[in-house]
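Observations on chain architecture
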Amino acid sequence: MAIIAAMIKKLREITGAGMMECKKALTATDEDMDQAIEFLRKKGLAIAQKKVGRIASEGIVMLKVTDDCKKAVAIEVNTETDFVAKNEKFQSYVAKVCDQAIDTKAVDIEAFLAEPWKFDASKSVHEALAGQISIIGENIKIRRFTRIEETNGFVATYTHMGGKIAVLVDVETDVVNDALKEMGKNIAMQVAALNPLYISENEVPEEYIDHEKEIFFAQIKNDPKEFQKSEKVIEGMINGRIKKKLKEICLLNQVYVKAEDGKHSVRKYISQIAKENSAKISVKRFIRWETGEGIEKKKEDFVSEVVKQMKQSIDRK
């Protein structure tokens, strides 16, 4: 079994095919590595390997929500270029991946890629992906997906800049009507615009608060004029800065961006909607994704590359 696992790993590294596809190929070829590679090539999985090494940091985050707004999915599919990300054929493919993801039982990408493709059961999701790589001509990566289900309320969604930013908001409420759905969308837009880290101060870890206090204390210590103040005053200054920080990172504490007076908080906005509709409303969680976040993008330095090539040419002479 250990030998099989090692061979699967090696075959994946050579071809870029999924774990299950590699296992099938080795089983079908009696663990002959060369024949297994050929097996995968014939299925169109190894053809895409030349493109697999390229960095796919562009792409799109797409959302899909059921008609009753009880269930929604977000999925990020990456490409190498923004040009392909805007391509209708690519976006049509991503919409199918969304259809697959909204009903998936998979808990991670590996399991998701190994599932039968909803639109052609003879293929896995990974095999269908490999086919798209061959057709479109760029490396494509299904990077991540997440689902939210809310039986006692609804899921609000919002996408910005054609899928560069996407938000899901889980709203628990005993009233679901157009006014509350509009509120949900407004909250999702708030999350997209101001990128909070938490819903409320109750979620903020003590470690985060302690770390911020250390930073604020160091800032005061480095200012001789401020540091000569009494310990009680300094403590008050630090607590004041913590309070201001919480208004920035906590959704309910943030100033509501569409507030007419430019002052009242998201918490007050939700309370107002709840009162107007005789509803109990709670924002349970939110998810905010940006396309390509956390992916190291390849930086091209064409000037240095040309100089390097010229130097190599001179050295050869």
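The structure under discussion appears in the preceding block.
What you are looking at is a predicted structure, and each value in this text was computed from that prediction instead of being measured.

This brings us to the overall build of the protein chain. In terms of helices and strands, the protein chain carries 14 helices and eight strands. Restricting to contacts in the protein chain with at least 6 residues of sequence separation, those with at least 24 account for 63%. Approximately 18,600 Å² of the protein chain is accessible, and the part contributed by carbon and sulfur atoms is 52%.

Pairing in this open sheet of three strands is antiparallel, and the strands run β6-β7-β8 from one edge to the other. Looking at which strands have only one partner, the edges of the open sheet turn out to be β6 (153–160) and β8 (281–290). The sheet shows a mean angle of 15° between the axes of neighbouring strands, taken without regard to direction. With eight bridges connecting them, β6 and strand β7 (residues 165–173) associate as antiparallel partners. Bridging from a neighbouring strand, G153 pairs with E172 of β7. Against the sheet, helix α9 (residues 178–194) touches β6, β7 and β8, its axis set at about 45° to β6.

So, about the pattern of salt bridges. Summed over the entire model, instances satisfying the criterion amount to 15 salt bridges. Between K164 and D82 there is a salt bridge, with the nearest N and O atoms lying 3.0 Å from each other. Residue K164 is located in the loop between β6 and β7, and its partner D82 is located in helix α5 (residues 82–85); the two are separated by 82 residues in the primary sequence. For K164, a relative accessible area of 23% translates into the label partly exposed.

The subject of this paragraph is the sheet that holds strand β1 (residues 58–65). Strands belonging to one sheet form pairs held by backbone hydrogen bonds; the direction of such a pair is parallel or antiparallel. The strand order β1-β2-β5 describes an open sheet built from three strands, whose pairing is antiparallel. On the outer flanks of this sheet lie β1 and β5 (141–149), each paired with one strand and no other. Taken pair by pair, the neighbouring strands of this sheet meet at an average axis angle of 15°, ignoring direction.

So, about the environment of A25. Position of A25 among the secondary structure elements: in helix α2 (residues 19–28). Taking the C-alpha atoms as reference, A25 lies 7.7 Å from I37; in sequence the two are twelve residues apart. Those residues in contact with A25 that lie beyond four places of it in its chain are L11, A36, F39 and L40.

Helix packing geometry: the angle between the two helix axes and the distance between the axes. Two elements in contact, helix α6 (residues 88–102) and helix α8 (residues 125–136), have axes separated by 11 Å at closest approach and are oriented at 175°. Taken together, the axes of α6 and α8 lie roughly antiparallel to each other. Contacts between α6 and α8 involve K89, F90, Y93 and Q100 on the former and, on the latter, V125, L129, Q132, I135 and I136. Residue classes in the contact of α6 with α8 are distributed as six nonpolar, two polar and one charged.

On the secondary structure map, Q254 appears in the loop between α12 (231–249) and α13 (266–276). A relative accessible area of 2% means that Q254 is categorised as buried. Those residues in contact with Q254 that lie beyond four places of it in its chain are Q190, L194, P196, K247, E248, S265 and V266.

Our next topic: the packing of α9 against α13. Relative to each other, α9 and α13 sit at 170°, their axes nearing to 11 Å. By the angle between their axes, α9 is roughly antiparallel relative to α13. Of the residues in α13, those in contact with L180, E182, M183, N186, I187 and Q190 of α9 are V266, Y269, I270 and I273.

A cluster of acidic residues, E206, E207, D210 and E214, forms a negative patch on the protein surface. For E206, the location among the structural elements is in helix α10 (residues 206–221). Overall, E206 belongs to the exposed group, its relative accessible area being 55%.

Calculation rules
Throughout, residues of each chain are indexed from 1 in the direction in which the sequence is written. In view of the model being predicted, local features appear only for residues whose pLDDT reaches at least 70, and side-chain atom pairs are presented and counted only at 80 or more, with totals across whole chains, interfaces and linings using the full set of residues. The basis for every side-chain value is the complete set of non-hydrogen atoms in the structure, without hydrogens or water. Only runs of H or I of at least four residues qualify as helices and only runs of E of at least two qualify as strands under DSSP, and these elements are numbered from the N terminus. We call two residues contacting when some pair of their heavy atoms lies within 4.5 Å. Every accessible area reported is derived by Shrake-Rupley at a probe size of 1.4 Å, with residue values counting cover from the shown protein chains alone. Whether two strands pair depends on DSSP finding at least two bridges between them. Axis lines are fitted to C-alpha atoms, over the contacting stretch for helices. Their N-to-C directions set the angle, which ranges from 0 to 180 degrees. Within this document, salt bridges are pairs made up of a side-chain nitrogen of Lys or Arg and a carboxyl oxygen of Asp or Glu, the two lying within 4 Å of each other. Burial here depends on accessible area, computed with a 1.4 Å probe over protein chains only, as a share of the maximum for the residue type. Under 20% is buried, over 50% is exposed, and the range in between is partly exposed. Between 65 and 115 degrees an angle is taken as roughly perpendicular, under 35 as roughly parallel, over 145 as roughly antiparallel, and anywhere else as oblique. Under the scheme applied, nonpolar residues are Ala, Val, Leu, Ile, Met, Phe, Trp, Tyr, Cys and Pro; charged residues are Asp, Glu, Lys and Arg; polar residues are all the others, including Gly. Within the patch definition used here, like charges are joined within 9 Å and nonpolar side chains (Val, Leu, Ile, Met, Phe, Trp, Tyr) within 5 Å, considering only residues with over 30% relative accessible area and no salt bridge. Only four residue types enter the charge count: Lys and Arg as positive, Asp and Glu as negative, with His and the chain ends excluded. Charge positions are represented by NZ for Lys, CZ for Arg, CG for Asp and CD for Glu.

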